[in-house]
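As a plain string of letters, each chain reads:
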Amino acid sequence: MSIKIRYFASLKDAVGRSEDILEYSPGLNAQQLWQVSNPNTQLPDNILVAINMDYVPLSTLVEDGDEVAFFPPVTGG
Amino acid sequence: MSIKIRYFASLKDAVGRSEDILEYSPGLNAQQLWQVSNPNTQLPDNILVAINMDYVPLSTLVEDGDEVAFFPPVTGG
Amino acid sequence: MGIKICNGAFDPWAELRLHEQELQEYAGKVGATNIFIGTMRDFNAGDDVQGMTLEYYPGMTEKHLGLIMQGAHAQWQLLDTLIVHRVGDILPKDPIVLVAVWSSHRGDAFDACRYIMENLKAKAPFWKKELLRNQQTRWVSSNSNGYA
Amino acid sequence: MGIKICNGAFDPWAELRLHEQELQEYAGKVGATNIFIGTMRDFNAGDDVQGMTLEYYPGMTEKHLGLIMQGAHAQWQLLDTLIVHRVGDILPKDPIVLVAVWSSHRGDAFDACRYIMENLKAKAPFWKKELLRNQQTRWVSSNSNGYA
């Protein structure tokens, strides 16, 4: 299996892509997954994280097959 | 001139008429006007009074030409 | 601002569409609209209700709806307000009252619409007489407080 | 209950009329309807805004709108709820969001509609990018708290 990372809105513009597909490596949390995918870009402070479409803390471990999304504060409505 | 008294809703049913026209007599307040018009019926506790379409206390003096309305609590909306 | 007393059924969506056609001049300033519609239920106080008659005090009713509306405009930043209220004989499911508030920001629209409804319920001279299943009628005795 | 994401303009009055046709079974229980409509303004943060693009996260957006709706039904006595939200390219005066709540009593309708709107603004994954007068674009950075 693998991990899908998705980026939305201003964060998508900042990283220059909307998704990454990564090999699963055990023991990584969401914060560490970001650094693997974006080694030269620090994760901005206010970014939200969802795993499989649920909001989670950055310290949440990523499992094989997960979809991990990073995005800025929401501005709908 | 004269005084017009109006009754609405359940109070209209209770007094059996929708209005009275009275000769003006100086010095009466709304409460006393009720007693003049309804000598055998005590004004129920929760009745509201308006003079010329403004809510007023029962102690308000009635002037010549006034329209005085008595009605139960409102139940619109 | 608009105040309308209807002796006959009204369609809230048609009233809203019509009113919005008149507010084209500041339509681009509107960010928030809050709307309340009160409709007739087929039950009240444990009894089936088959119909209702709404009495009002022509002149005083419009005057106090206007004062309530002005009170809302004085307290919140509003672009427009509309009140439509039914009188006469009505049936279950019929709309009784429509209150609509247009503003730039949503807090103002929510707060003002609720303020208008609560004040209308407390101060506007309307009285409901219910027709029960057995053809008996009864006057509704008072309105509850909707903030509670 | 209904949740609808629209990629294209929607007419709030038509959506409401359509949805109410589906709730005939408990129409006689409805005493109160509260509706919020958010529309696009032609200004924001001191600048003229000519248009907007609304991005979302298909799947997560609908899921969280559903959770918010369930949260409202758990806290208040509601008969029905509807959320319609626009995505894609939109223009000033266009409706962005419609929230409607049907209940027997008005306090429930007002409270639940506002709860849904505030939670939608805080948690539902939508993002607005504004097109300014000079053809520059900017992402809206965050939503304000509408209870404040």
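Use the structure listed above.
Quick caveat: nothing in here was measured; it's all calculated off a predicted structure. (Residues numbered from 1 in each chain as written. Chains lettered and ligands numbered in written order. Predicted model: local features only at pLDDT ≥ 70, side-chain atom pairs only at ≥ 80, totals over all residues. Heavy atoms only, no water.)

Participant: How do you make sense of the overall build of chain A when you look at a structure like this?
Facilitator: Across its full length, chain A carries 2 helices and 5 strands. In summary, chain A has a C-alpha radius of gyration of 12 Å against a globular reference of 11 Å for 77 residues, a match within 12%. With respect to the principal axes defined by its C-alpha atoms, chain A has extents near 35 × 25 × 20 Å. In chain A, of all internal contacts separated by at least 6 residues, the share reaching a separation of at least 24 is 47%. Surface accessibility of chain A: about 3800 Å² in total, with carbon and sulfur atoms responsible for 50%. (Helix = DSSP H or I, 4+ residues; strand = E, 2+ residues; numbered from the N terminus. Rg over C-alpha atoms; globule rule 2.2 N^0.38 Å. Contact = heavy atoms within 4.5 Å. Areas by Shrake-Rupley, 256 points an atom, 1.4 Å probe, with all protein chains shown as cover.)

Participant: Please clarify how the pattern of salt bridges should be interpreted in this entry.
Facilitator: Two side chains bearing opposite charge may form a pair once their charged atoms approach each other closely. Tallying each qualifying case throughout the model produces 28 salt bridges over all chains. Asp54 of chain B is the salt-bridge partner of Lys63 of chain C, the closest N and O atoms lying 2.9 Å from each other. Placement of Lys63 of chain C in helix H2 (residues 60-75) and of Asp54 of chain B in strand E4 (residues 54-55) is noted, with the two residues assigned to different chains. Judged by its relative accessible area of 33%, Lys63 of chain C is partly exposed. It is possible to trace a salt-bridge network through shared partners that takes in Asp47, Glu130 and Arg138 of chain C. (Salt bridge = Lys/Arg side-chain N within 4 Å of Asp/Glu carboxyl O. Buried < 20%, exposed > 50% of the residue type's maximum accessible area, 1.4 Å probe, protein only.)

Participant: What should I look at first to understand the interface of chain C and chain D in this one?
Facilitator: It is common to report an interface's size as the accessible area lost on association of the parts. With 39 residues of chain C in contact, the opposing surface of chain D contributes 39 residues. In this assembly, chain C packs against chain D so that about 3400 Å² is buried in total across both faces, 50% of it on carbon and sulfur atoms. Viewed at the interface, chain D and chain C are joined by 8 salt bridges. The salt bridge partner of Lys29 of chain D is Asp42 of chain C, with a shortest N-O separation of 2.8 Å. Our count for the chain C to chain D interface comes out at 24 residue pairs in polar contact (both at pLDDT 80 or more). Contributions of two or more residues to the side of chain C that touches chain D are made by helix H1 (12-21), strand E2 (32-39) and helix H3 (106-123) of chain C. The greatest single-element share of the side of chain C that touches chain D, amounting to 9 residues, is contributed by H3 of chain C. (Buried area = accessible area lost by both parts, 1.4 Å probe. Polar contact = N/O pair within 3.5 Å; in protein donor to acceptor, adjacent residues only side chain to side chain.)

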